[in-house]
Amino acid sequence: MKTVLHITPHLGGGVGRVLLNYLDKVKGSPDFFHQVLSLEYANEKALLASRTTGFSLSDKMSSDPEGMLAAMAAADIVLIHWWNHPLLYAFLVRETLPPARILFWSHVSGFHAPYVFNETLLQYPDLFVFTSPLSLETPEVKNLPETRQKGLRVIWSTGGIDHVASVPPKPHQGFKVGYIGTVDYSKMHPNFLKMSSKTKIPEAQFIVCGGPSEEQIQEESLQYDMGQRFIFTGQINDITPYLAEFDVFGYPLAPYHWGTCEQALGESMAAGVPPVVLANRTERYIVDDGVTGLVAANAEAYTRALEELYRNPELRRRLSGNAREAAGKLFSLDLMVSRWENVFDEALSFPKTRRNWTGPYHGRSVSPHHIFLESLGEYGQEFIHSLKARNERDKKAAGDSIRQLYESSYLWRSNTRGTPHHYHHFFPEDNFLKLWSGFLREESVVH
């Protein structure tokens, strides 16, 4: 039996659900034994799953790099679940890895900084696997040499939909527009409340499930006339009672969001709840406009689409049936398992190779702010200018550029998502990260 070692920045949330459901699906396999190392935390659900499913799980491993290196050397295959996380980048940039077969699986699309690819990253593993074919269209991927293009793969990410595929609709009063997922403007459209409140549906309720910023957004909702119609549940463990009562899945995401496979969207479709989304790359790939849901070109069209589905129950029924069928194919856990088996079989033919980071900054002594710059590739010019500034005029100009960058997108203003604030959290002693994080007023930072 071959050993697959999974390394993940943390184990929880959407990626955690995908990995845990995958491990539950393949338990008892005679071919592969799976181990998981989490650099940061593993949540209670993950810790419980390791005991019930029977895979090895160790968390807080960023404090034990030698233990990680030993586990990598012993494994037949190392699968790194990748997104821009300070602890993962610090490990990759600073450490020389022992001979190993290395695979990366990207859980972000790569279109929007700071969740971006760079050539050093893409060249690093034996195979770089994307969760969505959309990532093949990023400039960094398209500009790779042909020899490296051959090392790219796509495996659609899913936690499975069996748990929602048979949810029966539950009679209820009013017209319920549901949202499940990240409740935060780094992912949710910043005009979510405004475009929802403009909907001319007398009996509409907007049920918002998830976090982490639900309390702030709930407070914001009170300024709208329909404020009393916004219901925020916070994080929920079981989404099925909500899906049973949703008439429509209203899922307007920000144009700069990082998502690829959108588990919540797939689950809603599998439950027969017709979605209304905005015309971002990811959502257009998942939702076939007029067939499995409605794709709105802008905020006004989003509002009109909700109204159209309210007025037209026959359209809702047709979209519902089509959405169930499409989700059953796209979000199949069995298909994901099969594709990973093929990639693992391919990887076993590779020789184990020692490797180290080849970017401008690498090695044990690399500073945290240089690790942050390595993560950005070509997207870190504002911070490089700040780093090189030698007089007050240049320092002020660089600071103004960084502030403008933060104002350009809620994604840059997040406390996580690979931002300077995220890196500063893990490396508080680094003065440049402290400076760059401080350019944004503390009260305006979102989670």
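Our structure's up above, just so we're on the same page.
Computed from a prediction, not measured in an experiment: that's the story for all the values here.

What counts, and where the lines are drawn
Residues numbered from 1 in each chain as written. Predicted model: local features only at pLDDT ≥ 70, side-chain atom pairs only at ≥ 80, totals over all residues. Heavy atoms only, no water. Helix = DSSP H or I, 4+ residues; strand = E, 2+ residues; numbered from the N terminus. Rg over C-alpha atoms; globule rule 2.2 N^0.38 Å. Contact = heavy atoms within 4.5 Å. Areas by Shrake-Rupley, 256 points an atom, 1.4 Å probe, with all protein chains shown as cover. Lys, Arg positive; Asp, Glu negative; His and termini not counted. Charge placed at Lys NZ, Arg CZ, Asp CG, Glu CD. Axes fitted to C-alpha atoms, helices over the stretch in contact; angles between N-to-C directions. Parallel < 35°, antiparallel > 145°, perpendicular 65-115°, else oblique. Expected span 1.5 Å × (residues − 1). Buried < 20%, exposed > 50% of the residue type's maximum accessible area, 1.4 Å probe, protein only. Arc of directions from axis to C-beta. Salt bridge = Lys/Arg side-chain N within 4 Å of Asp/Glu carboxyl O.

**Student:** What am I meant to see in the overall build of the protein here?
**Tutor:** Counting its regular elements, the protein contains 20 helices and 17 strands. At 22 Å, the protein has a C-alpha radius of gyration in line with the 22 Å of a compact globule built from 447 residues. Put simply, of all contacts in the protein between residues at least 6 apart along the chain, 74% involve residues at least 24 apart. Within the structure as shown, the protein displays about 19000 Å² of accessible surface, and the carbon and sulfur contribution to it stands at 49%. Looking at charge distribution, the protein has the averaged site of its 44 positive side-chain charges lying 2 Å from that of its 50 negative ones.

**Student:** Got a minute to help me understand the packing of helix α1 (residues 13-25) against helix α2 (residues 44-53) in this structure?
**Tutor:** In helix packing, the relevant descriptors are the interaxial angle and the interaxial distance, both defined with respect to the helix axes. Where α1 meets α2, the closest approach of the two axes is 11 Å, and the angle between their N-to-C directions is 5 degrees. Relative to α2, α1 is oriented roughly parallel. Listed contacts from α2 to Leu20, Leu23 and Asp24 of α1 are Lys45, Ala46, Ala49 and Thr53.

**Student:** Just to check I follow, could you spell out helix α15 (residues 333-347) for this structure?
**Tutor:** Given 3.6 residues per turn, any residue in an α-helix points the same way as the ones three and four places further on. Taking 1.5 Å as the rise per residue, α15 with 15 residues should run 21 Å; its terminal C-alpha atoms sit 21 Å apart, in good agreement. Among all positions in α15, only Leu333, Met336, Val337, Trp340, Val343, Phe344 and Ala347 are buried. In a view along the axis of α15, the buried residues occupy a sector of 125 degrees, so they form one face of it. For α15, the secondary structure elements touched by its buried residues are β1 (2-8), α1, β2 (32-38), β4 (77-82), β6 (102-106) and β9 (127-130).

**Student:** For this particular structure, what's the right way to read the pattern of salt bridges?
**Tutor:** Any two side chains of opposite charge can pair, on the condition that their charged atoms come close. Counted according to the given criterion, the structure contains 19 salt bridges. A salt bridge links Glu245 to Lys170, with the shortest nitrogen-to-oxygen separation between them at 3.7 Å. A residue pair is termed long-range when its members are at least 10 positions apart, and Glu245 in helix α10 (residues 240-245) and Lys170 in the loop between β10 (152-154) and β11 (175-180) qualify at 75 residues. Overall, Glu245 belongs to the buried group, its relative accessible area being 17%. Connected via shared salt-bridge partners are Glu66, Glu95 and Arg364.

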